[in-house]
Amino acid sequence: MGDIKRYKSACGYECRIQEGAGLRAIDPETAYRFFPDRADLISEGLASGQIRGTVVYTRPGVCDACKKIVPVSLLHIEYAGGGNETVTGACPGCAGAVRIFEEDEPVICPICGKEMEAQIAGFWD
Ligand SMILES: [Zn+2]
Ligand SMILES: [Zn+2]
């Protein structure tokens, strides 16, 4: 289950972001849908047993081009050998590069550069 977070800045900018992982997070179809350029590699890896599984989850990120906090999809790939890899998705608005805010990192307002206040506004699955 994921959280819906509401971020508020002192300058008035605010947004709602769906974060975390939903019920379909470990379904390979979710990986294909959010990371179509990786779909072939993942389906081949799963078929051959080289990939143990995938998880798709969402974290807040900032897009400098859009000047917005955006939900960014991340793809975690678990390899059979024990290794893993995390692929960061693009901005859902402009498909450009984004910077992710980690779990222990404050979300910074893209307008005024100040730390934003976070509140849980609900849950999703
Ligand atoms: Zn963007
Ligand atoms: Zn602000």
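Quick caveat, the model's predicted, so the values are computed rather than measured.

What counts, and at which threshold
- Residues numbered from 1 in each chain as written.
- Chains lettered and ligands numbered in written order.
- Predicted model: local features only at pLDDT ≥ 70, side-chain atom pairs only at ≥ 80, totals over all residues.
- Helix = DSSP H or I, 4+ residues; strand = E, 2+ residues; numbered from the N terminus.
- Buried ≥ 20, exposed ≤ 12 C-beta atoms within 10 Å, placed from the backbone.
- Contact = placed C-beta atoms within 7 Å.

Asker: I'm lost on the overall build of the chain in this one. Help?
Answerer: When helices and strands are tallied, the chain shows two helices and seven strands. Order of helices (α) and strands (β) in the chain, N terminus to C terminus: β-β-α-α-β-β-β-β-β. With respect to the three principal axes, the spread of C-alpha positions in the chain is 50 × 30 × 25 Å. Looking at the chain residue by residue over its 125 residues, the buried ones come to 20%. Contacts spanning at least 24 positions in sequence make up 59% of the contacts within the chain whose residues lie at least 6 apart.

Asker: Quick question: what am I supposed to make of unusual backbone geometry here?
Answerer: A negative phi angle characterises most non-glycine residues, just as the trans form characterises most peptide bonds. Of note, the phi angle at Lys-67 is positive, near 55°, even though the residue is not glycine. Position of Lys-67 among the secondary structure elements: in the loop between strand 3 (51–63) and strand 4 (68–79). The phi torsion at Ala-95 lies on the positive side, around 65°, for a residue other than glycine. The residue Ala-95 is located in the loop between strand 5 (84–88) and strand 6 (99–100) in this model.

Asker: Could you clarify how one ought to interpret the environment of Glu-14 in this entry?
Answerer: With respect to the element layout, Glu-14 can be found in strand 2 (residues 14–20). Put simply, Glu-14 and Met-116 are 102 residues apart on the chain and 8.5 Å apart in space, counted from C-alpha to C-alpha.

Asker: Please clarify how the environment of Gly-82 should be interpreted in this entry.
Answerer: As for its position among the elements, Gly-82 is in the loop between strand 4 and strand 5. Exposure remark for Gly-82: the 7 C-beta atoms within 10 Å place this residue in the exposed category. Separated by 46 residues in sequence, Gly-82 and Pro-36 have C-alpha atoms that sit 24 Å apart.

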